[in-house]
Amino acid sequence: MALIIQKFGGTSVANPEKIKAVAARVMKKAREGNSMVVVLSAMSGETNRFVDLAHQMQDHPDPREFDMLMATGEQVTIALFAMAVKAAGLDAISLLGDQVKIKTDSLHTKARIKEIDTDLIRKYHNQGKIVVVAGFQGVTEDDHITTLGRGGSDTTAVALAAALKADACEIFTDVEGVYTTDPNICNKARKIEKITYDEMLELASLGAKVLDIRSVSFAKRYKVPLHVRSTFTESEGTWVVEEDQQMESLPVSGVTYNKNEARITITKVPDTPGIASRIFSPIADAGIVVDVIIQNTHMDALTDMTFTVPSADYDQAMEIVAQIAKDINAESFSGDKDIAKVSIVGVGMRNHTGIATTMFKVLADEGINILMISTSEIKVSCVIEEKYTELAVRSLHDAFGLDQDNSKKTV
Ligand code: ADP
Ligand code: ASP
Ligand code: MG
């Protein structure tokens, strides 16, 4: 008998019919004798609806109350799911994050899981119940409800898999697995059979929302093999696993894009030691993650600092920057939300040269101007004007041969 975690995203539980179908799928596994933990998202569209409602009350919704609201979507689906199971003849119980005791820190709207108590889940498994857990939520030491950030149900699933030492962690979604790029914008995208944790971390952090980045970090740290697959078909999906040698044969495994970033520039800053820290410390203290940073030095001991932040944090970042610019005597500052970051990712980049230059040439040939560049061992990212995103993604996907069947290819 195995302990299996199955997570279903918002489109998989979008209406009562879909919830019943998902329940039937889970029950099949339960009837085979497995102990099941099901993690559910809110019905698709619901979480966005809550965001909208909250903003009708406050420009910057109170984070604690925001989480209180955001956490309700999952409460609906887990209860309906448990009812569907009972109606079909098996037993189930729905549990909220605080009932399971998914303990988090107190950083509302992007809380991190610190600890999970597995006693209650085990107790209900011993009673033969399917345990249905609300994704995306937890509770602080002081009993305040928190949420883990958008897409956080994946993280709940993987953290539960690690805590329960589950035999399998399956992430069910509306596509058949992890693709070479977003199949919804590139019809030549191909399903990847196997991908390393490190590549998946890069893909997720660079915009492939098919898995939440923190779920991949958990999976890597606790060596939880993940299977990303479709809710609507039985076909094998993508395995996210540790690296093996064969995986380095391709230079590029995937292309991603992220339109949810904004660029901020502080112009003519006195170029003195400690200036970067004075600019970025207050931004970090506000919990804002700065991504690509470029510093351009002028002849006259002045420098420009350009960086990107998530669009959701843009207004707050601009407020902080206004103060910083004054404090450090910068000449001016400006921001731009109409940018996107396109990236190529692959562990094989370590062994191949010329990958970045190919990327720059592909973009140049399409007449796309590169605004910023950042690289790591296994990725190259370019910030471009947002309107060119789809064109850039499709051109790069073709240029690196990702539309071909590369599964047997070695170099
Ligand atoms: P869920 O609601 O099941 O969590 P998400 O919408 O969060 O599903 O993630 C699935 C979506 O991720 C797909 O519909 C697809 O548009 C998008 N996506 C982006 N990049 C990729 C990729 N490389 N592979 C697969 N899906 C991707
Ligand atoms: N319902 C949450 C969201 O839409 C969490 C999730 O679906 O993973 O972001
Ligand atoms: Mg998701």
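Residues numbered from 1 in each chain as written. Chains lettered and ligands numbered in written order. Predicted model: local features only at pLDDT ≥ 70, side-chain atom pairs only at ≥ 80, totals over all residues. Heavy atoms only, no water.

Asks: Explanation requested: the site of ligand 1 in the structure shown.
Replies: Around ligand 1 sit 17 residues, and of these Thr173, Asp174, Tyr179, Asp182 and Asn184 come closest. Here an oxygen atom of ligand 1 sits 2.7 Å away from a polar atom, N or O, in the side chain of threonine 173. Protein chains bury 88% of the 570 Å² of accessible surface belonging to ligand 1 in isolation. The class makeup of the residues in the shell around ligand 1 is seven nonpolar, six polar and four charged. (Near = heavy atom within 4 Å. Polar contact = N/O pair within 3.5 Å; in protein donor to acceptor, adjacent residues only side chain to side chain. Areas by Shrake-Rupley, 256 points an atom, 1.4 Å probe, with all protein chains shown as cover. Nonpolar A, V, L, I, M, F, W, Y, C, P; charged D, E, K, R; others polar.)

Asks: What is the right way to look at the sheet that holds strand β17 (residues 332-336) in this model?
Replies: Sheet strands pair via backbone hydrogen bonds, and the direction of the pair is either parallel or antiparallel. Strand order in the open sheet formed by four strands is β15-β16-β14-β17, and the pairing between neighbours is antiparallel. Looking at which strands have only one partner, the edges of the open sheet turn out to be β15 (293-297) and β17. With direction set aside, neighbouring strand axes in the sheet form an average angle of 15°. With eight bridges joining them, strand β14 (residues 261-270) and strand β16 (residues 302-310) adopt antiparallel strand pairing. Pairing of alanine 262 across the sheet is with valine 309, part of β16. Seen against the sheet, helix α10 (residues 275-285) touches β14, β15 and β16 and runs at an angle of roughly 20° to β16. (Pairing = 2+ DSSP bridges. Helix = DSSP H or I, 4+ residues; strand = E, 2+ residues; numbered from the N terminus. Axes fitted to C-alpha atoms, helices over the stretch in contact; angles between N-to-C directions. Contact = heavy atoms within 4.5 Å.)

Asks: Is there a simple way to think about the site of ligand 2 in this case?
Replies: Ser41, Ala42, Thr47, Glu74, Phe136, Arg150, Gly151, Gly152 and Ser153 make up every residue found near ligand 2. Between ligand 2 and the protein, one listed contact pairs an oxygen atom with a side-chain N or O atom of serine 41 at 3.0 Å. Taking arginine 150, its side chain carries an N or O atom lying 2.7 Å from an oxygen atom of ligand 2. Look at ligand 2: alone it shows 260 Å² of surface, and the protein chains cover 86% of it. In the shell around ligand 2, the residues fall into two nonpolar, five polar and two charged.

Asks: Please clarify how the pattern of salt bridges should be interpreted in this entry.
Replies: Once their charged atoms are close, side chains differing in charge can pair, the charge on each being opposite to the other. The full count for this structure, using the stated rule, is 22 salt bridges. With a closest N to O distance of 3.0 Å, glutamate 46 and arginine 49 form a salt bridge. Of the two residues, glutamate 46 and arginine 49 are both situated in helix α2 (residues 46-57); the distance of three residues between them amounts to about one turn of the helix. For aspartate 336, the salt bridge identified is with arginine 263, shortest N-O distance 3.6 Å. Taken together, the residues aspartate 336 in strand β17 and arginine 263 in strand β14 connect sequence positions 73 residues apart. Aspartate 336 sits in the partly exposed class, given a relative accessible area of 24%. A cluster of three or more residues bridged by salt bridges with shared partners is formed by Lys86, Asp91 and Lys129. (Salt bridge = Lys/Arg side-chain N within 4 Å of Asp/Glu carboxyl O. Buried < 20%, exposed > 50% of the residue type's maximum accessible area, 1.4 Å probe, protein only.)

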